[in-house]
Amino acid sequence: MLYREAGQFKTNYVADSAIFPLREDRIGIGLIILAAYALAFLGNSFLLQAVMIPFLVFSLASIGLNILTGYTGLLSLGTGAFMGVGAYACYKLMTAFPGVNVIVWIFVSGFFSAGIGALFGLPSLRIKGFYLAVATLAAQFFLQWCFIRIPWLVNYNVSGALDAPLRTLFGVPIMGPNATPQVRYLVVLTIVILLTWLASNLVHGRIGRMWIAIRDMDLAAELMGIRPLQTKLLAFAVSSYYCGVAGALLVFLWYGGAEYDVFNINQSFFILFMVIIGGLGSLIGSFFGAALIFILPIVLGIVLPAVMSPFGITVGSDVIEHLRFMIVGALIIFFLIVEPHGLARLWQIGKQKLLAWPFPY
Amino acid sequence: MRAPDHPVMTKGDVLLAVENVSLGFGGVKALTDVSFDIRKSEIRAIIGPNGAGKTSMLNCINGFYYPTDGRITFKGVRRPKMRPYEAARGGIARTFQNVALFKSMSTLDNIMAGRSIKMRSNFFWQLFRHGPAIKEEIEHRRFVEEIIDFLEIQHIRKTPVGRLPYGLQKRVELGRALAMEPELLLLDEPMAGMNLEEKEDMSRFIIEVNQQYGTTIALIEHDMGVVMDLSDRVVVLEYGRKIADGTPDEVKRDQRVIDAYLGVAH
Ligand SMILES: Nc1ncnc2c1ncn2[C@@H]1O[C@H](COP(=O)(O)OP(=O)(O)OP(=O)(O)O)[C@@H](O)[C@H]1O
Ligand SMILES: [Mg+2]
């Protein structure tokens, strides 16, 4: 009797319209958040720096792409570039105005990618599917060209790379070489939780319904009075905002510095795979997808050599890398064919089974 | 709520006038010189054999197509070239011949989506799901629940509509159109593919909507029994031309209508 709907009658629409109507779900979310914060104090530097921070950053980027591709049905291959816009904007802002706290600039930098994203979203009124994907690909290459060719973006750094300057919050270094993984993890975690909560509010309200309406049946949506262009551009803007913030976090709170090529087309595909495997049109799926694609190779890298060494087989990192591509490829094909709603759907099914347990349905 | 630039309409006034409308697709003429009107609070049937241009007519009325020739006047104002969302905001709602629901959404969300234009709280409040956003959500939920009760679909409130049988989908689609509180409701074969009992239910809903809310309805239907029972006036199309227009009794006795229908029947 741990996970039950019974006895939880909704006596008003406020309770019934809640995002997590089940008490168990609310408790579960609370526990997960608590555990995530506890991890900052229990986990070692490797876990935080090499696993948790990137996992959160990619989850945020996946939420961004999911809003566009999963909820609104607009395929984009420009995710990497939109992340880049956020990172470069953040760099310019925090170096130009070092007096303002960097947290402010991280949030503000997202608005720059939102604007650029909406601009490149304009063709979406006329074209969809494959052709729109090609248009976003143009954005990817054009923006990447800007990152390389405009030295102003990196303050004429001779290396051409972005670096993370020292920045503090309440006197504690949160960015730059002196910032500990623990502190950076706490900052990233808090930002990701906040933005996930906001995204969840959006997709569960009027705006989310409008996005899904456009995705499911755009002609009928227009007939409900939903303006297609505005709704799609809003999706582009919000989506790119999330990607932009994720890009800034990636460079300044994870890598600690990066060159333009972290925002290349591979990054775009990487995030797209996370969204597909995690589940199109699901926020929690974005976390699942990021976990699977990012954490899987790390686990493989640790487990496989250990398992194989008793047999005298040494597993090199190149083998792990190949395996990772093969497994991810197989998973994508599996999910596209068998379960287009990804891990999130499997999670949903699992929960429903648990609600009815021990009866089959 | 209603835009003040339109005159207030009372029962019997001409709500929508179609004058000499023609519509061509390349060489195909879907409509040729069609004129008729729809009066406030009536049920107006549009009938005709397959391919007669009935759906094309509705598409012109709600802005999917723009007539190649002719005029459409709505509430006394000649309509400029407009997009479907503008027609929707002007008070025209519609259901489709092939159900066009938002498949992945629940019944509730589909009908809530029909309230999109009535919801005003801004992005900021939506972001926090607070204040006006949640207040409005609850208000509209209440309205939508009334529609759900009216259409007797309480039991499928939370079911994704893609999983519903066809007859129920048609009902949800009607609910979604009603959620827009339209002045003019266009129904494209709302009873196609239904069994007798379902047809009776649907007929009852249509009559009640018309009588309780005074909603003007334009109805395309192949079942002549239903048409004769429901409609105040009937317009008959054949090969894109109007061949008859009048009360069900007048139309039923019209020789051209009899020929057109016998022509298809055998
Ligand atoms: N988008 C289009 N492009 C080309 N031809 C079209 C288009 N839409 C309709 N037509 C043609 O216009 C004519 C009228 O079609 P319409 O769908 O309006 O008929 P209908 O009276 O609704 O028929 P049914 O009873 O089968 O639904 C048909 O010949 C059809 O092929
Ligand atoms: Mg038709």
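Read on for an overview of the structure. Every residue gets a number counted from 1 within its own chain, in the order that chain's sequence is written. Each chain gets a letter, beginning with A, and each ligand a number, beginning with 1, in the order they are written. For a predicted model such as this one, the threshold for reporting local features is a pLDDT of at least 70, and the threshold for listing and counting side-chain atom pairs is 80 or more; totals across whole chains, interfaces and linings nevertheless cover every residue. Based on all heavy atoms of the structure, the side-chain values leave hydrogens and waters out of the count.

### Section: the site of ligand 1
All names here are of chain B.
No. 1: Note on definitions. A residue lies near a molecule or strand when any single heavy atom of the residue is within 4 Å of it. Neighbouring ligand 1 are 13 residues; Gly 51, Lys 54, Thr 55, Ser 56 and Gln 97 lie closest to it.
No. 2: In protein, a polar contact means a hydrogen-donor-capable atom and an acceptor-capable atom, both N or O and within 3.5 Å, with residues adjacent in sequence counting only if both atoms are side-chain atoms; elsewhere, any N or O pair within 3.5 Å suffices. Within the side chain of Thr 55, one N or O atom sits 2.6 Å away from an oxygen atom of ligand 1.
No. 3: Alone, ligand 1 offers 630 Å² of accessible surface; in the complex the protein occludes 65% of this.
No. 4: Secondary structure elements are taken from DSSP: a helix is a run of H or I of four residues or more, a strand is a run of E of two residues or more, and numbering for both begins at the N terminus. Broken down by element, the shell around ligand 1 gets its largest block of residues, three residues, from helix 1 (residues 54-61).
No. 5: Three classes are used: nonpolar for Ala, Val, Leu, Ile, Met, Phe, Trp, Tyr, Cys and Pro, charged for Asp, Glu, Lys and Arg, and polar for all others, with Gly counted as polar. In the shell around ligand 1, the residues fall into four nonpolar, seven polar and two charged. Here the Shrake-Rupley method, with its probe set to 1.4 Å, supplies the accessible areas, and only the displayed protein chains count as covering residues.

### Let's talk about the interface of chain A and chain B
No. 1: Residue contacts follow a heavy-atom distance rule, with two residues in contact if any of their heavy atoms lie within 4.5 Å. Contacts between chain A and chain B engage 33 residues on the former and 39 residues on the latter.
No. 2: In this assembly, chain A and chain B are joined by 11 residue pairs in polar contact (both at pLDDT 80 or more).
No. 3: Within the residue set of the side of chain A that touches chain B, elements represented by two or more residues are helix 1 (13-16), helix 7 (181-203), helix 8 (206-216), helix 9 (218-223) and helix 10 (228-255) of chain A.
No. 4: A per-element tally of the side of chain A that touches chain B places helix 8 of chain A first, with eight residues.
No. 5: Tallied by class, residues from the side of chain A that touches chain B come to 20 nonpolar, five polar and eight charged.

### What to know about the sheet that holds strand 7 (residues 184-188) of chain B
Residue and element names in this part refer to chain B.
No. 1: Two strands pair under a simple rule: DSSP has to find at least two bridges between them. Overall, mixed pairing links the six strands, which are arranged 6-7-8-3-9-10 in an open sheet. Where the open sheet ends on each side, the last strands, each with one partner, are strand 6 (92-95) and strand 10 (241-246). The sheet shows a mean angle of 15° between the axes of neighbouring strands, direction not considered.
No. 2: Here strand 9 (residues 233-238) runs beside strand 10; their pairing, made up of five bridges, is antiparallel. Paired with Val 235 across the strands is Asp 245, a residue of strand 10.
No. 3: Orientation is described by lines fitted to C-alpha atoms, with helices fitted over the stretch in contact, and by angles between N-to-C directions that extend from 0 to 180 degrees. Each of strand 3 (43-47), strand 6, strand 7, strand 8 (216-220) and strand 9 touches helix 1; the most contacted strand, strand 7, lies at about 150° to it.

### Quick word on the sheet that holds strand 1 (residues 14-25) of chain B
All names here are of chain B.
No. 1: Reading across the sheet, the four strands line up as 2-1-4-5 and stay open at both edges, with antiparallel pairing between neighbours. Because the sheet does not close on itself, it has two edges, and the strands there are strand 2 (28-39) and strand 5 (77-78).
No. 2: Where strand 4 (residues 69-74) and strand 5 come together, two bridges link them in antiparallel fashion. For Phe 74, the partnering residue across the bridge sits in strand 5 and is Val 77.

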